[in-house]
Amino acid sequence: MRYRERALCAPQKEEPVILGIESSCDETAAAVIRGRRLLSSVILSSAAEQAKYGGVVPEIASRAHTDAIGEAVERAVAEAGLTPASLDAVAVTYGAGLLGALLVGLSFAKSYAFALGIPLIGADHIRGHMAAAYLADPALEPPFVTLLASGGHTAVIYTESYTRFEVLGSTRDDAAGEAFDKAARVLGLPYPGGPNIEKLAREGEACIPFPKMFSGNGYDFSYSGLKTAVINYCHTKEQKGEAYSRADVAASFQSAACGVLAERAVAAAKAKGVSALSAGGGVVANGFLRGLLQEKCAEAGLRLVLPEKKYCTDNAAMIAAEGLLQYRARNFADLTLNACAHIPLGKKGKIVG
Ligand code: KG4
Ligand code: ZN
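Read on for a plain summary of the structure. Since the model is a prediction, treat every value here as computed from it, not as a measurement. Residue indices follow the written sequence of each chain, beginning from 1 at its first position. Each chain is given a letter, starting from A, and each ligand a number, starting from 1, according to the order in which they appear as written. Note on the predicted model: pLDDT of at least 70 is required for a residue's local features to be given, and 80 or more for side-chain atom pairs to be given and counted; whole-chain, interface and lining totals, by contrast, use all residues. Calculated side-chain values reflect all of the structure's heavy atoms, with hydrogen atoms and water omitted.

Focus on the site of ligand 1
Heads up, the condition is: In this text, near means that some heavy atom of the residue lies within 4 Å of the molecule or strand in question. The definition of a polar contact used here is a pair of N or O atoms within 3.5 Å, where within protein one atom must be able to donate a hydrogen and the other to accept one, and adjacent residues in sequence count solely through side-chain atom pairs. Per-residue accessibility takes into account occlusion by the displayed protein chains alone, with areas from the Shrake-Rupley method and a 1.4 Å probe. Strands here mean DSSP runs of E at least two residues long; helices mean DSSP runs of H or I at least four residues long; both are numbered from the N terminus. As a working rule, the residues Ala, Val, Leu, Ile, Met, Phe, Trp, Tyr, Cys and Pro are called nonpolar, Asp, Glu, Lys and Arg charged, and the rest polar, with Gly in that last group. Where each domain starts and ends follows an automatic or database-derived domain assignment.
Around ligand 1, a shell composed of 18 residues is seen, among which H129, G151, D181, E198 and G282 lie nearest. At 3.0 Å, a side-chain N or O of H125 approaches an oxygen atom of ligand 1. G177 places a polar main-chain atom, nitrogen or oxygen, 3.0 Å from an oxygen atom of ligand 1. When the free accessible area of ligand 1 is taken as 550 Å², the share hidden by the protein chains comes to 86%. Every element with two or more residues in the shell around ligand 1 is listed here: α5 (125–136), α6 (176–186) and α7 (193–201). Its residues placed into classes, the shell around ligand 1 shows 4 nonpolar, 11 polar and 3 charged. Residues lining the shell around ligand 1 come from more than one domain, with at least three contributed by each of domain 1 (3–131 + 312–352) and domain 2 (141–310).

Considerations on the packing of aromatic side chains
Defined as follows: Only Phe, Tyr and Trp rings are paired, with Trp represented by its six-membered ring, and only when their centres lie within 6.5 Å; those with planes under 30 degrees apart are stacked, over 60 edge-to-face, the remainder tilted. Think of it in three bands: residues with accessible area under 20% of the maximum for their type are buried, residues over 50% are exposed, and the middle band is partly exposed, with areas taken using a 1.4 Å probe on protein chains only. In our convention, an over-ring charge means Lys NZ or Arg CZ found within 6 Å of a ring centre and within 35 degrees of that ring's normal.
Under the defined criterion, the tally for this structure stands at 7 aromatic pairs. Plain terms: the ring middles of Y233 and Y244 are 6.0 Å apart, the flat faces sit at 90 degrees to each other, and that makes the pair edge-to-face. On the criterion of sequence distance, the pair formed by Y233 in helix α8 (residues 224–240) and Y244 in the loop between α8 and α9 (246–272) is long-range, its members being 11 residues apart. On the basis of relative accessible area, Y244 is assigned to the partly exposed category, the value being 22%. A network of ring pairs unites the aromatic residues Y134, F144 and Y162 as a single cluster. Here the basic side chain of K272 rests over the ring of Y158, its NZ or CZ set 4.4 Å away from the ring centre. Taking the ring centre of Y327 as reference, the NZ or CZ of R330 above it sits at 4.9 Å.

Some points on the packing of helix α3 (residues 58–79) against helix α4 (residues 99–116)
Counted only if it meets this: All axes are obtained by fitting lines to C-alpha atoms, using only the stretch in contact for helices, and the reported angles, taken between N-to-C directions, cover 0 to 180 degrees. A crossing counts as left-handed when the near helix is turned anticlockwise from the far one by less than a right angle, and as right-handed when that turn is clockwise. Whether two residues are in contact is decided by their heavy atoms, any of which lying within 4.5 Å being enough.
Look at α3 against α4: their axes get within 9 Å of each other, and the N-to-C directions meet at 35 degrees. Here α3 runs over α4; the crossing is right-handed. Contacts from S62, H65, T66, I69, G70, V73 and V77 of α3 reach α4 at G100, A101, V104, G105, F108 and Y112.

As for the coordination of the zinc ion (ligand 2)
We apply this condition: Metal coordination here is assigned from N, O and S atoms located within 2.8 Å of the ion, or within 3.2 Å for Na, K and Ca; omission of water means that sites may look incomplete. A four-donor site is called tetrahedral if each angle lies between 85 and 135 degrees; a four-donor site is square planar, and a six-donor site octahedral, when trans pairs exceed 155 degrees and the remaining angles lie between 65 and 115; all other cases are labelled irregular.
With distances of 2.0 to 2.1 Å, the protein atoms coordinating the zinc ion (ligand 2) are H125 (NE2), H129 (NE2) and D314 (OD). Angles of 54 to 169 degrees at the metal separate the 6 donor atoms of the zinc ion (ligand 2), which places the site in the irregular class. Here the donor residues for the zinc ion (ligand 2) map to a single chain with the spacing H-x3-H-x184-D. Of this pair, H129 sits in helix α5 while D314 sits in the loop between β10 (303–305) and α11 (317–328), and the two are 185 residues apart along the sequence. The buried category is assigned to D314, whose relative accessible area is 16%.

Encoded structure:
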């Protein structure tokens, strides 16, 4: 491959400039980093359009990406104060996500990298959420433990090195974000569910004793019991004609859902003997969870690395950060790189990478 050969032969700069592109769901995003320094981040979202339908409609997402991708990339490069010629590589999310949506970013990234004669890097969206921590704290070095809580995944992961990981525990059913979205639906809150639950919870008290999820085994999670408890609570009250506070339900749900995330993550970090815990994924934008993590990490003497809220939900800075790790590992893709709807997280207890 032309760009691959060029990349391997070119004199290596210490701080590569990487363009990240993300289009796996309803955010069209582009960002530029120089080493672990973020130069620009542009996020154009179709969430308002999707909200009319109560969730993400794949075809609407793909069309919105097609409309926005050129602008997102152009702005990210300009806002970084650069021209395309200064870029050393293009990293793009190739999965997991909606196939049609992924293909928009992927096709754009392939053409862009090919035209510039620079390497193309395929980034795993979930590894991107994990890599956001490297931008949040440029001094962060493995080993550390990561709490990952997004719309599709919930896991506690041991990062052994920049590219080697071990899943210590994961969800046995719904992901944390999915549970937030389902609870929001029960409470009649609009899409996106997570931020709306958080907003409503501020007006209520966590006074309903919803069951603590999955008190057993290691660092696994389970959200189906909590989800059922929320549904049963609301339905029973409605059937009996009894008034109840939706804000209290939101606060009680949030407290139960976040409590276990923080407990499990801190316990895993302590058991692994690491000095730092990082966190990533949309649910980590939740202020209540961030507070809990801060409290528990302070008690345990752990350094907490929390990306800013806008780098917890989908963005391209995290994809550029994951691209940097792959760039340093010389892990380049070629033009056959395809979109992938699912990418396994890895088996529990087994190092992957
Ligand atoms: O990481 P993300 O943006 O996309 C995926 O990769 O899945 O995560 C989206 C999930 C959604 O389920 C959304 O409801 C949840 O993150 N989320 C939140 C908050 N912001 C986004 N959950 C709780 N509180 C929030 N503030
Ligand atoms: Zn995500």
